[in-house]
Amino acid sequence: MHPGIVLLLSVLMISSLCGWLMAGCKAQEKPVKIMLFVGYFWLSTFIQLLLVAGAYYVWHKF
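Residues numbered from 1 in each chain as written. Predicted model: local features only at pLDDT ≥ 70, side-chain atom pairs only at ≥ 80, totals over all residues. Heavy atoms only, no water.

Draft legend 1. Structural view of helix H1 (residues 3-24). Taking 1.5 Å per residue as the helical rise, H1 with its 22 residues ought to reach 32 Å, and the 31 Å between its terminal C-alpha atoms agrees with that figure. Buried within H1 we find Val11, Ser15, Gly19 and Ala23. Looking straight down H1, one finds that the buried residues subtend no more than 75° of arc, so they occupy a single side. Opposite the buried face of H1, by more than 90 degrees, sit the exposed residues Pro3, Met13 and Trp20. Among the structural elements, helix H2 (30-61) are those in contact with the buried residues of H1. (Helix = DSSP H or I, 4+ residues; strand = E, 2+ residues; numbered from the N terminus. Expected span 1.5 Å × (residues − 1). Buried < 20%, exposed > 50% of the residue type's maximum accessible area, 1.4 Å probe, protein only. Arc of directions from axis to C-beta. Contact = heavy atoms within 4.5 Å.)

In structure tokens:
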């Protein structure tokens, strides 16, 4: 499988796990937990993509 696809799938899996763990720890109603999951999922995704883009930039710069 192409390394880019593997990287994006791993980002997706890690973001899903982070969102599920962080939203699951809260004692809230189910709709609120779903909204928290979505928020934590996207936050984790954007942070990981920034780190991957930074690593790619540094790797190809030097």
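Don't stop here, the text continues.
Draft legend 2. Local environment of the packing of aromatic side chains. Summed over the entire model, instances satisfying the criterion amount to 3 aromatic pairs. Plain terms: the ring middles of Phe41 and Trp42 are 5.2 Å apart, the flat faces sit at 80° to each other, and that makes the pair edge-to-face. Overall, Phe41 belongs to the buried group, its relative accessible area being 13%. For Trp42, a relative accessible area of 43% gives the class partly exposed. Taken together, Phe37, Phe41, Trp42 and Phe46 form an aromatic cluster joined through their ring pairs. (Phe/Tyr/Trp six-rings, centres within 6.5 Å; stacked < 30°, edge-to-face > 60°.)

Draft legend 3. A look at the environment of Ala23. As for its placement among the helices and strands, Ala23 is situated in helix H1. Taking the C-alpha atoms as reference points, Ala23 and Leu36, separated by 13 residues in sequence, lie 5.5 Å from one another. Filtering out sequence-adjacent residues up to four positions away, Ala23 remains in contact with Lys33, Leu36, Phe37 and Tyr40.

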